[in-house]
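# Observations on the model geometry
Listed below, chain by chain, are the residues.
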Amino acid sequence: MIDLRRLRDDPAYRQGIERKRVRPGLLEELTAADDERRRLVAEVDGLRARQNAASREIGRADPQDRPARIAAAAALKEELAAAEARLAAAAARVRALALEVPNPADPAAPAGGEDDAVTLRTCGEPVAPPPLDHAAYAERMGWVDVAHAAEASGSRFAYLMRDAALLELALVAWVTGVLVAEGFVPTVPPVLVRERTMEEAGFFPTDRHQVYAIPDDDLYLVGTSEIPLSALHRGEILDEAALPCRYAGFSSCFRREAGTYGTDTRGIFRVHQFDKVEMFSFSHPDASDAEHERLLAIQERIVGGLGLPYRVVDIAAGDLGAAAARKFDVEVWLPSEGRWRELTSCSNYRDFSARRLGTRVRAGGATRLVHTLNGTACAVGRTLLFCFEHCQQPDGTFVVPEVLRPHLGRDTVGPPG
RNA sequence: GGAGGGAUGACUGAGCGGCCGAAAGUGCUCGCCUGCUAAGCGAGUAGGGGGUGUGAAGCCCCCUCGAGGGUUCAAAUCCCUCUCCCUCCGCCA
């Protein structure tokens, strides 16, 4: 949810919104609706003030004077009720329009759209493709079974099996350890949440079509543990000393992947269900840029620690999603495709979802909305897939990344038979 | 799933139709006092919205006692629905 007052008063804020794609006329409609809402607030407040005053006088009046005064006060009720109905309608309209408006892009975010991300740095070199691409290799090793998954669940599902299943556990253990050492609270959150939680996290209404719903129980499957983590301080006013407040969430993630028909169909690059360790920070509003850099640095340490060549890109304003003011992606070289592909993502939402969540910080005498940030620590399936190509030897042996060896208990995994 | 009890400010907890946005305590802030610390003394201390200010302060008004509705001139207090928590029974990994 954006800040309506800033939309009114701060041209830079409005420009930040316009750097994203917004429906023409939306902001004008919204400000007009908000003007009307404020006018009605004043009207209703005035009527209520009169009614409150009248009621107080009745309480103080002599019992014999009361009937006449009560009759007079009763007349106010109808007028007030009508005005309140108009206000409620206006407020609902403002809310509906405001939910459509994205968080302003940060001035530092590059201009443009999907193709205009700016590469900040590249660590490691592109390499030639291995004998087998990730999907073929995983099949050869008996690590991924999409055929039976299709029987059980449909397309874009997979069984992760044998050493790949153990590699997942090793990855999760290693990454979680890194995050705990960085002061993150390790968390296994709920993956089914209410509609309200989706909305407050900034996913509804804009990304509703990407979310699995459980209509019988009014619950929704999360696409990332960011959602339940964001609800951890819902409606709370935090102490300044408690910030930053960092959580590492491990969970399964569920995504409908609507609109991706026919893309990334090989292997487990894009699936409906995967496990992920996610970082989430509640930051002091003055410190969120530094926190963002910090999350990014942790991501780079993890990806670099696995020995994967990567580059960091700064996502352009027009490609930012509704909630992010700034976003960095870490892209890893996928040899079989001969290009860099997204592995992790790290966003600063500023106060956008904190406003819906009601998560604030007591700063000096005042309270301010916190800033929320999130970043992938490890999307397990996709990380493994990159490893399938980068750790694959010409003879088919899989060389376990050094950091995972203590967790897996082996240095290499040979091909079967 | 069945039967009861509960939800009050940063926290504990009183209030059970008007004098309650709310006692008391804790915490926090400021001042005093004290070699330092602890203790003590005094004062202050909810959030949000609208308006008016030099869009600082201040001032005025409105809303909020889990959420939403209702009764009433008037609701933290009465009624209904929902959510969550606790106790007991049932079921269960």
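This part takes up the overall build of chain A. Tallying secondary structure elements over chain A gives 13 helices and 18 strands in all. Referenced to the eigenvectors of the C-alpha coordinate spread, the extents of chain A come out at roughly 100 × 45 × 45 Å. A total of 417 residues make up chain A; the buried ones form 49% of that total. Approximately 19,400 Å² of chain A is accessible, and the part contributed by carbon and sulfur atoms is 51%. If the 51 positive side-chain charges of chain A are averaged to one point and the 61 negative ones to another, these points end up 5 Å apart.

Turning to the nonpolar core, a few remarks are in order. Buried together is how nonpolar side chains tend to be arranged in soluble globular proteins. Counting 54 residues, the largest nonpolar core has W143, L171, V175, L179, F388 and F398 as its most contacted members. Per-element accounting of this core gives the leading share, nine residues, to helix α7 (residues 163-181). The contacts of L179, once residues within four sequence positions are left out, are F184, A248, V277, M279, I298 and A377. Formed by 33 residues, the second largest nonpolar core is a distinct cluster that contains L30, A109, F203 and Y220.

So, on to the protein's contact with RNA strand B. Taken together, 23 residues lie around RNA strand B, and R5, D45, R194, R360 and T367 are the ones closest in. Counting only the atoms of RNA strand B within 4 Å of the protein, the fraction contributed by sugar and phosphate is 74%. Within the side chain of R38, one N or O atom sits 3.3 Å away from a phosphate oxygen of RNA strand B. R194 is positioned such that a nitrogen or oxygen atom in its side chain is 2.8 Å from a sugar or linking oxygen of RNA strand B. Those elements that place two or more of their residues in the surface near RNA strand B are α1 (4-9), α3 (26-60), α4 (66-100) and β14 (360-363). For the surface near RNA strand B, the element with the most residues is α3, which contributes eleven residues.

Looking now at the environment of V413. Summarising the element assignment, V413 is placed in strand β18 (residues 412-413). Along the backbone, V413 and D163 are 250 residues apart, and their C-alpha atoms lie at a distance of 7.9 Å.

The interhelical angle for the contact between helix α2 (residues 11-18) and α3, taken along N-to-C directions, is 135 degrees, at an axis separation of 11 Å. For the element pair α2 / α3, the angle class is oblique. Residues R14, I17 and E18 of α2 touch α3, and the partners they reach there are L27, E28 and T31. When its residues are assigned to classes, the contact of α2 with α3 shows two nonpolar, one polar and three charged.

Of note, the amide linkage connecting F204 to P205 takes the cis form, showing an omega dihedral of 5 degrees. Within the secondary structure, P205 is located in the loop between α8 (195-200) and β6 (213-214). Note that the residue after L243, namely P244, is joined by a cis bond; omega there is -5 degrees. Take P244: it is sitting in the loop between β8 (237-239) and β9 (245-254). The phi dihedral of R162 is positive, around 55 degrees, even though this residue is not glycine. Topologically, R162 is positioned in the loop between β3 (159-160) and α7.

A separate point is the sheet that holds β14. A sheet is described by the order of its strands in space; here three strands give the open sequence β8-β14-β15, paired in mixed fashion. Here the strands that pair on one side only, and so sit at the sheet edges, are β8 and β15 (366-369). Within this sheet the neighbouring strands show an average axis-to-axis angle of 40 degrees, counted without direction. Strand direction decides the pairing type here: β14 and β15, joined by four bridges, are antiparallel. For R362, the partnering residue across the bridge sits in β15 and is T367.

Turning to the layout of surface pockets, a few remarks are in order. Taken as a whole, the second largest pocket encloses approximately 430 Å³ of empty space. Lining the second largest pocket we find 27 residues, and of these V146, R156, T265, R266 and G267 sit closest to its centre. When contributions to the lining of the second largest pocket are tallied by element, the ones reaching two or more residues are α5 (134-141), β2 (144-145), α6 (146-152) and α12 (380-390). A per-element tally of the lining of the second largest pocket places α5 first, with four residues. The class makeup of the residues in the lining of the second largest pocket is twelve nonpolar, eight polar and seven charged.

All right, on to the pairing of strand β11 (residues 310-314) then. Where burial is concerned, most of β11 is hidden: four out of the five residues are buried. As paired strands, β11 and strand β12 (residues 326-334) are joined by five bridges and run antiparallel to one another. Within β12, the residue paired with R311 across the bridge is E331.

Turning our eyes to something else, we now look at the packing of aromatic side chains. On inspection of all chains with the given rule, the structure shows ten aromatic pairs. Ring centres of Y247 and F282 lie 6.1 Å apart, and the angle between their planes is 90 degrees; this geometry places the pair in the edge-to-face category. Separated by 35 residues along the polypeptide, Y247 in strand β9 and F282 in strand β10 (residues 273-283) bring together distant segments of the chain. The class of F282 is buried, set by a relative accessible area of 0%. Ring centres 5.0 Å apart and planes at 65 degrees place the aromatic pair F280 and F282 in the edge-to-face group. One exposure class covers both F280 and F282, and it is buried. Taken together, the ring pairs connect Y137, W143, F388 and F398 into an aromatic cluster. When the ring centre of F204 is taken as origin, the NZ or CZ atom of R208, which lies over that ring, is 4.5 Å away.

Conventions we followed
- Residues numbered from 1 in each chain as written.
- Chains lettered and ligands numbered in written order.
- Predicted model: local features only at pLDDT ≥ 70, side-chain atom pairs only at ≥ 80, totals over all residues.
- Heavy atoms only, no water.
- Helix = DSSP H or I, 4+ residues; strand = E, 2+ residues; numbered from the N terminus.
- Buried < 20%, exposed > 50% of the residue type's maximum accessible area, 1.4 Å probe, protein only.
- Areas by Shrake-Rupley, 256 points an atom, 1.4 Å probe, with all protein chains shown as cover.
- Lys, Arg positive; Asp, Glu negative; His and termini not counted.
- Charge placed at Lys NZ, Arg CZ, Asp CG, Glu CD.
- Core = buried A, V, L, I, M, F, W, Y, C linked by side-chain atoms within 4.5 Å.
- Contact = heavy atoms within 4.5 Å.
- Near = heavy atom within 4 Å.
- Polar contact = N/O pair within 3.5 Å; in protein donor to acceptor, adjacent residues only side chain to side chain.
- Axes fitted to C-alpha atoms, helices over the stretch in contact; angles between N-to-C directions.
- Parallel < 35°, antiparallel > 145°, perpendicular 65-115°, else oblique.
- Nonpolar A, V, L, I, M, F, W, Y, C, P; charged D, E, K, R; others polar.
- Pairing = 2+ DSSP bridges.
- 1 Å grid on protein atoms, 1.4 Å probe; cavity = no way out; pocket = protein on both sides within 12 Å on 5 of 7 lines; lining within 4 Å.
- Points joined across faces, edges and corners; volume = space filled by probe spheres on them.
- Phe/Tyr/Trp six-rings, centres within 6.5 Å; stacked < 30°, edge-to-face > 60°.
- Lys NZ or Arg CZ within 6 Å of the ring centre and 35° of its normal.

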